[in-house]
Structure formats: structure tokens, C-alpha cells
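Chain by chain, the residues:
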Amino acid sequence: MKNSERGVPSSQCGSSSHTAEYEPLTGPETPTEMQPGDILIDDDTASSQDDSDAPPFSWVDYGVFGFLGMAMLWAWNMFLAAAPYFESRFQGSPWIEANFQPTIMTVSTATSLAVVLTLTKLQRAASYPFRIACGLIINAATFALLTTSTTVALGASPRAYFAFVLAMVAATSVATGLLQNGALAFAAGFGRPEYMQALVTGQSVAGVLPALSELVSVLVFPARRERRAAAAPPAPRAEGKTSAFVYFLAAVAISVVAMVAMVPLVRHHKRNTEYRALNQADDDDDNDITAAACDEDGEALRKAVPMSVLFAKLQWLASGIALVFITTMFFPVFTAKIRSVNEPSSDTAAPSGGSAIFGPDAFIPLAFFFWNLGDFGGRLSTALSAGRGLGANAGHGHGGRPRLLFKLAALRVVQLPLYLLCNIGGRGAAVPSDVFYLLLVQAPFGFTNGWLCSRLMTSAGSWVEESERAAAGGFMGLCLMVGLAVGSVLSFSITGI
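Quick notes on the rules
- Residues numbered from 1 in each chain as written.
- Predicted model: local features only at pLDDT ≥ 70, side-chain atom pairs only at ≥ 80, totals over all residues.
- Heavy atoms only, no water.
- UniProt positions renumbered as here; feature names shortened; annotations may be inferred.
- Helix = DSSP H or I, 4+ residues; strand = E, 2+ residues; numbered from the N terminus.
- Buried < 20%, exposed > 50% of the residue type's maximum accessible area, 1.4 Å probe, protein only.
- Contact = heavy atoms within 4.5 Å.
- Areas by Shrake-Rupley, 256 points an atom, 1.4 Å probe, with all protein chains shown as cover.
- Salt bridge = Lys/Arg side-chain N within 4 Å of Asp/Glu carboxyl O.
- Phe/Tyr/Trp six-rings, centres within 6.5 Å; stacked < 30°, edge-to-face > 60°.
- Lys NZ or Arg CZ within 6 Å of the ring centre and 35° of its normal.
- Axes fitted to C-alpha atoms, helices over the stretch in contact; angles between N-to-C directions.
- Parallel < 35°, antiparallel > 145°, perpendicular 65-115°, else oblique.
- Left-handed = near helix turned anticlockwise from the far one by under 90°.
- Nonpolar A, V, L, I, M, F, W, Y, C, P; charged D, E, K, R; others polar.
- Core = buried A, V, L, I, M, F, W, Y, C linked by side-chain atoms within 4.5 Å.
- Domains from an automatic or database assignment.
- Patch = residues over 30% accessible without salt bridge, like charges linked within 9 Å, V, L, I, M, F, W, Y side chains within 5 Å.

Named according to an unreviewed UniProt entry, the protein chain is Nucleoside transporter family originating from Cordyceps fumosorosea. Of the comments in the UniProt record for the protein chain, the one headed Subcellular location (unreviewed entry) reads "Membrane". What UniProt records for the protein chain under Sequence similarities (unreviewed entry) is the sentence "Belongs to the SLC29A/ENT transporter (TC 2.A.57) family."

Structure representation (C-alpha cells):
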């Protein structure tokens, strides 16, 4: 089957001037175009569709995309998991202590949304690797400043430090917007859904590792816990720096390693572009292959796809991903407020041994860890479902059932009341069990987030034309950011709980 019959865009390097028109989804939920590995039924005959134009699968590319996904959300999860450290720096200002978490989330999501919205409109000739690199550089610089802040100006007032933290949040949010738009579109442009799966799985790893890093650093460097027993008032901020220093420094290393890992990925992408061009040339000898059709990254000059067109094709998936994260944004506020039912009393000496993990400094990162562990399990399960392996002959993905996925996203709201049964603010719990909180509230809520996010994101490419996949990846990232922004604003409604 020739590429002209498969909907290969005229804007692609070496593509034909003929493109298949999009057919509206008026019937059953069937993808708009056949994918490699799907079966084409024509009258009384059936044949497997040609898979020759799909670029080869690369485990190196898969691993790099996974690492990029981790770097993409590392900053976001770092600010959430570092809540105990920030709380220690905000002592003396009751309003900041009560509202810093939703304020951080609102600044972060609003900034990222503005960046992604701007970048989504700039599709044609966009250099997605350049956007990714810029995001990583900004993250590295910002984390370096945060690392420095743990060793200097420890006597700064809560308001001054809060302003500094919000500035850092805004900077990392610009970086996240660049990474989100660049990486999602770049992965979609490869034409292999395995790489999108790697991105979303890497994002969940970005939740697990920062929380685990914070937990370990608190237990290994117990200065913050010891300050509770200290008699001298100047000690708190002076002693609580070592674990945070190690924690923020690790974020710098993540960004630097991700920049290095981008080098082979860009090379492979250029080679894949040449691969597709050669296949197109074999299918259409009348087509002239010229380098002028490509930008400096070897990518085809893309046609600009209006967001209204993308939403018409992806309305259920786009609305579903937004709804998932609107609901999810309530969990960080609950997590920062819920205490262990075994927490040592405030009038005792600093906890030691096994009881140390029940103190807020360790228990809050532990709770974030369990949520993100569930999220990781949900995303990973989609990669292992339906008997699909990861390799050169893996299927090209399928469109899923958008309406069903949207309904499942809406049902997640019923999980939120379970938090009210836990030990919020140390006032007692209707179900006095840390096991109930960690294993039956946090982990399942994370699992539904990860499973739905992965299914929604990886299904999008099957409902648009091949020439629209990069734009669709960026558009789904935009809808994700809309959900985060709306959810972070709504989370203010529970700050006084």
C-alpha cells in the first residue's frame, strides 16, 4: 500500500503531494486511520497492513525518553515532597504555613499553562529538541540556586524566603512547559507509541524518586528532627540544611544527565527522518526528495493544526486528561496535612530508631512515595497490558475507547472523600491506621491517575492524521496543564480543612 493511500502528509520530508482527508468520527469509536499491524477488511479479503514505514524501535531511544519524562516532572514532585523543609523555613508566618502548598501549585501550573499555550500555537518549524534543551538548562540553574539557598541566608524572614521559592517555582515551571511541549511532541513525531509510553512512565518515576530521596535524606541527616528538641531558638534554620542540600543537588544532576542523553536521541531522530524519506521515495518514484523540506533538526516542516481541529478529534481524550489532573491536584494538599496516627508527641525528644519515620518530616515524603508508587504501577501496567511487548515488532498502538476513559476519569472524584477518614492535622482519624491511609487511599489514588494518564496520552495518536501527531502530542500536554491549573486553584477550597 502506498503512503499516499495511508495519509502521509505533504509537509513531510519526501512525501507525496496527495494526502488522505480526515473522516469525522460519526460511527463507532474506530481510529481515523489504519495503523501498522491492524487488519484491513476489503470485501472478502483481509491482509496485514504494511509496517515498512514505521521507524525501527530502539531501546536506547526508549530509555532516553523515559529519562526525559523523569526530568520533566522532577521539579514539580520535588516541590511537593520538600513540603516539610519549606514548612520549617516558613515558621513564624501562619498564613504562609497554611497556604504555601496550594500557592506553589497555582504559580507552577499557571506559569506552565501560559508557556505551553504559547508554544502550542508555534508549531511550524518548531525545534522540539531545542525546547527540551532550554528547559533542562533552566532547571539546572534553578536547582543550583535552591541548593545554594540551603547554605546561605538561613536567617531570611518567612516572607522573603517565600518570595524566593515562588520565583524558583515560576522558573522551573517555564522549564516544565518547555519540556512538556517539546518532549511530548518530539515523542509523537517518532511515530512509535512505545516512546510516548516511556515518557509517561518516566514521569511517574519522577514522583517516586524525589519522595524517596527526601525520605532517605531526612532519615540519614536528622538535623531537622533534632531541632524540635533544641533549646536555642536560632538552631532550627541553621541545622535543617543538609538533607535539603543533598535533595536539591540531586535535581541538578538529573537535569545535566538528561542534557547529555539528548545527544544520541537527536541523532536517531535525524536517522529516522531519513529512513521515512527513503521509504517514501521507494513508494513514489515521481516524488522529489529535497533537504529544503526539513528544518535544521531533520524534522519535516509541519503544517499548523488549529486547536479547534485537534479538540474536535480528541475531545473525549483531551477532556479526560484534564479531568484526571483536576481531581489529582487535591491530593498534595491532603498529603501535606495528614499525620501518622503513631506520630510522637511534640513534647518528647526527637524520635529515634523505628519511630523516626512517623514524624512529619519523614511520614509526609513516605505518603508521597506511596502515591507515586501507585502512579508508577498504573502507568507501567498499560505498557504490559494486552500482551504487547516493547520491541521492533510491537503493535503501533490503538485508539482505545475515549468515552469510557472519560467516564472513568470522572469517577475518580469518589476517591477524594477517603482522605477525610485519615488523621488530618493530627486531630484524629475515623480509620486510625497508617496502613489504611498509605495502601488503601494513597496508592490506589495514584494508580488510577497513572493508568488513566497513560491510556489517554498514548491513545491520542491513533485518532489524528500522521501529519498531526506531533501537534496532537503538544495539544494533549496543553490539556494536561489546563487540568493542573484548574485543580490547583480549586485546591484552595480545602486549605482550611
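Section: the overall build of the protein chain
Regarding its fold elements, the protein chain presents 15 helices and two strands. Counting all 497 residues of the protein chain, 56% fall into the buried class. The contacts of the protein chain with a sequence gap of at least 6 include a subset with a gap of at least 24, amounting to 84%. For the protein chain, the accessible area works out to roughly 19,700 Å², and carbon and sulfur atoms hold 64% of it.

Quick look at the pattern of salt bridges
Applying the stated criterion to the full structure yields one salt bridge. Its salt-bridge partner being D375, residue R379 comes within 3.1 Å of it at the nearest N-O pair. Of the two residues, R379 and D375 both sit in helix α12 (residues 360-384), four residues apart, roughly one turn of that helix. Across the pair, D375 and R379 agree in class, each one buried.

Considering the packing of aromatic side chains
Enumeration over the complete set of coordinates arrives at 18 aromatic pairs. For the pair F86 and Y161, a centre-to-centre distance of 6.5 Å together with 45 degrees between the ring planes defines the contact as tilted. On the criterion of sequence distance, the pair formed by F86 in helix α2 (residues 83-89) and Y161 in helix α5 (residues 158-189) is long-range, its members being 75 residues apart. Under the relative-accessibility criterion, Y161 is labelled buried at 4%. Summarising the aromatic geometry, the rings of F334 and Y419 are spaced 4.9 Å apart at their centres and angled 5 degrees between planes, so their arrangement reads as stacked. A residue pair is termed long-range when its members are at least 10 positions apart, and F334 in helix α11 (residues 331-337) and Y419 in the loop between α13 (402-411) and α14 (434-459) qualify at 85 residues. Here F334 and Y419 have matching classes, each one buried. Among the aromatic residues, those joined into a cluster by ring pairs are Y85, F86, F90, F100, Y161, F162, F164 and F248. Residue placement shows R89 over the ring face of Y161; its charged tip is 3.9 Å from the ring centre.

Focus on the packing of α13 against α14
Where α13 contacts α14, the two axes come as close as 11 Å, and the packing angle between them is 150 degrees. The angle between α13 and α14 places the two elements in the roughly antiparallel class. For the pair α13 and α14, the crossing hand works out as left-handed. Only W451, L452, R455, L456 and S459 of α14 make contact with α13, whose side of the interface consists of L405, L408 and A409. By residue class, the composition of the contact of α13 with α14 is six nonpolar, one polar and one charged.

Concerning the environment of L323
Tracing the backbone through its elements, the reader meets L323 in helix α10 (residues 307-328). Along the chain, L323 and L408 lie 85 residues apart, while their C-alpha atoms are 9.9 Å from each other. Look past the residues within four positions of L323 in its chain and what remains in contact with it is F406, A409 and A410.

A word on the nonpolar core
Core analysis: the biggest nonpolar cluster contains 118 residues, and F65, L68, F86 and Y419 have the highest contact counts within it. Here this core spans two domains, and each of domain 1 (56-221 + 240-277) and domain 2 (304-346 + 353-496) adds at least three residues to it. Apart from the residues lying within four places of it in its own chain, the contact partners of Y419 are F331, F334, I338, W371, I424, Y437, V441, Q442 and F445.

Some thoughts on the packing of helix α6 (residues 193-220) against α14
As a packed pair, α6 and α14 sit with axes 10 Å apart at the nearest point and diverge in direction by 150 degrees. Here α14 runs roughly antiparallel to α6, going by the angle between their axes. Note on packing geometry: the crossing formed by α6 with α14 is right-handed. Of the residues in α14, those in contact with M196, Q197 and V200 of α6 are S454, M457 and T458. By residue class, the composition of the contact of α6 with α14 is three nonpolar, three polar and no charged.

Considerations on a nonpolar patch on the surface
A grouping of L209, L212, V216 and V220 is seen on the molecular surface, where their side chains present a nonpolar patch of about 290 Å² in accessible area. Take V220: it is sitting in helix α6.

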